[in-house]
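# Observations on the three-dimensional arrangement
The lines below spell out each chain.
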Amino acid sequence: MPHDGSLLQATVVFLLAVVLLVPLAQRLKLGAVPGYLLAGILIGPSMLGLINHPENVSRLSEMGVVMLLFVIGLELSPRRLWTMRRSLFGVGSLQVALTAVVLGLLAYLVFGQPRAAAIVLGLGLALSSTAFGLQVLAERRELGKPQGRLAVSILLFQDIAAIPLIAVVPLLGTGISPPEEGSWPLLAVALGVGLVIVTGRYLLQPVFRWTVGSGLHELSTATALLVVLGTAWVMEHVGVSMALGAFLAGVVMADSPFRHELESQVEPLKGLLLGLFFVGVGMTADLRLLLSMPVQVLGLTVLLVGVKLPLLFMLGRTAGGLERAQALCLAVVLASGGEFAFVVFKLALEHRVLEQQVHDLLVLAITLSMAVVPLVMMALARQLRDDATVAAAAAALPEVDETPQVVVAGLGRMGGAIVRMLHGEGVRLVALDTSIESVSRSSEPDGPLVFFGDPSRSEILRAARVDQAKLVIVATDDPQANLKAADVLAHLYPQTPVIAAARDSQEALRLLAMGVDPVRETFHSSLEMARRALITLGYSEEQASAWVQRYQRQEARRLLDQQHGKGDFPGAR
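Rules used throughout
- Residues numbered from 1 in each chain as written.
- Predicted model: local features only at pLDDT ≥ 70, side-chain atom pairs only at ≥ 80, totals over all residues.
- Heavy atoms only, no water.
- UniProt positions renumbered as here; feature names shortened; annotations may be inferred.
- Helix = DSSP H or I, 4+ residues; strand = E, 2+ residues; numbered from the N terminus.
- Buried < 20%, exposed > 50% of the residue type's maximum accessible area, 1.4 Å probe, protein only.
- Contact = heavy atoms within 4.5 Å.
- Areas by Shrake-Rupley, 256 points an atom, 1.4 Å probe, with all protein chains shown as cover.
- Expected span 1.5 Å × (residues − 1).
- Pairing = 2+ DSSP bridges.
- Right-handed = clockwise from strand over helix to strand, strands pointing away.
- Patch = residues over 30% accessible without salt bridge, like charges linked within 9 Å, V, L, I, M, F, W, Y side chains within 5 Å.
- Salt bridge = Lys/Arg side-chain N within 4 Å of Asp/Glu carboxyl O.

Per an unreviewed UniProt entry, the protein chain goes by Cation:proton antiporter and derives from Pseudomonas taiwanensis. According to UniProt, the comment filed for the protein chain under the heading Sequence similarities (unreviewed entry) is "Belongs to the monovalent cation:proton antiporter 2 (CPA2) transporter (TC 2.A.37) family."

And the structure:
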């Protein structure tokens, strides 16, 4: 009786393996990805055989890569993509070309592969794993650093390069002649891309306003999934990879005020499905081949990493302008094989470009390379820690810095004014509000970044990059919403300063107890009115200002006494 006949049983087996092995891998300082790979190998057909048909989960696991590319696209607006053009098309194309030439010549001259097979081998092995590389960089918190930005550019170019490569493989095959389709495939791709751009720019925002206005959180989740999966479906049907289609949809939605809402809905599913993807990769590894041909398998794995690592290091230092430690990190992270290589080599096998044994060796070597890279990172830990990030390295990779200095929660009476003043002074900020009308009113081409989102939800705060901000200001028009958001911020980001609006002294005391700096909404305007009243009554400007300062100090002492239970004074509003 096959063990994977039951979907529920297969799900339980998958989750159990992940829960046991991924924390173990992280405890051993290997990272999460080797844990997922090990879980897949363990439950796959080559070991315990708890799931005998890995292809049953491959389709679902691809969604992890799709959602990863969508989230990356959300972070890269068209303006940022334009600033990345040098690293995307310059360094990216150099990496693919140089690596493909070196590996292709080795396959042709040293291993005696036919010319067509050598071309496919060189180009396929030049690709790195987008899912693996970005996961490792995210774990190391290096996505925002120069090496992380360059890695993203190279990986994006590789994903783009995979499209013509997949189209060329059938032309290199023997015995199967590709159908005469004329220019229809290119026209279909153009129509698909145009449909995604038009839909994302003109139709999705009204749809989101309607679904968000319903107040149903699950409807927002359904809409986010519809955007990602619908785009992937359209692009797959016109001959473009689902992942690249999802990336394009993310880029189109990057300037949308609903960007953070989209990201917060997709992020939890992305993590789980990415884990499933790596488990699926581990399940495809044929360890029997490793036992029967250990020298060939291990030799091919070492050769793959040994060729790509120095080439990537050289490109990082020369074309990318990175420091030594940064270039080394880039090289190690991208030294493994990639998931698109599995697609390319499977297609090459079907069209008789590759032999079965060569295909199986390559799949196992790519899988092992993903497991080897964390070990290489551990061995080079000291060199990787020597991260001398200098201004010259950052300047070598032009970047629009969209990391907020300030996050403002609320676009009401106080919040809206604060946003306008800080933006006018050139402060980089992100503003959040749960009112669609306020978001629409404040969204201007040259205005601050304004997004729809509830600042009391942890996933929204994470999407808004609160962990990278220097300050958070909570100034919604709802006192309870202010207290709730301040409480979440105090618990999740205790190191980030928070200034919050308080309606009266009692709310100010509650905020103080959370470690938040309170500002009473009407207190300072009341002081200004009292100052002007004193001047009208004959006080000089100096006397009135001195009175204001004395009263502020007195109120501050009263508030502190109340906080420590030393008095019960009614604070001024």
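### Comments concerning the overall build of the protein chain
A count of helical and extended segments in the protein chain gives 26 helices and six strands. Counting all 573 residues of the protein chain, 50% fall into the buried class. Looking at the protein chain alone, contacts between residues at least 24 apart form 74% of all its contacts between residues at least 6 apart. In the structure as shown, the protein chain presents an accessible area of about 27100 Å², 63% of it carried by carbon and sulfur atoms.

### Here we look at helix α25 (residues 523-536)
Given a rise of 1.5 Å per residue, 14 residues ought to cover 20 Å, and the 20 Å separating the end C-alpha atoms of α25 matches this to within 8%. Remark: Gly-538 follows α25 within two positions and exhibits a positive phi of approximately 115 degrees.

### As for the pairing of strand β6 (residues 517-520)
Alternating positions in β6 separate cleanly, Pro-518 and Arg-520 being buried on one face and Asp-517 and Val-519 remaining unburied on the opposite face. Pairing between strand β5 (residues 498-502) and β6: four bridges, direction parallel. Residue pairing across strands places Ala-501 opposite Val-519, the latter belonging to β6. For the segment spanning β5, helix α24 (residues 505-513) and β6, crossover handedness is right-handed.

### Comments concerning a nonpolar patch on the surface
A surface patch of nonpolar side chains, about 620 Å² in accessible area, is lined by Val-101, Leu-105, Tyr-108, Leu-109, Val-110 and Phe-111. Within the secondary structure, Val-110 is located in helix α5 (residues 85-110).

### A look at the environment of Val-519
Among the secondary structure elements, Val-519 is positioned in strand β6. Its relative accessible area of 26% is what places Val-519 among the partly exposed residues. Taking the C-alpha atoms as reference, Val-519 lies 9.4 Å from Ser-505; in sequence the two are 14 residues apart.

### Notes on the pattern of salt bridges
Counted according to the given criterion, the structure contains eight salt bridges. Here Glu-521 and Arg-413 are joined by a salt bridge, their closest N and O atoms 3.2 Å apart. Of this pair, Glu-521 sits in the loop between β6 and α25 while Arg-413 sits in helix α20 (residues 413-424), placing them 108 residues apart in sequence. Its relative accessible area of 59% is what places Arg-413 among the exposed residues. A salt bridge links Arg-503 to Glu-507, with the shortest nitrogen-to-oxygen separation between them at 3.1 Å. The network of salt bridges with common partners includes Glu-528, Arg-531, Arg-532 and Glu-541.

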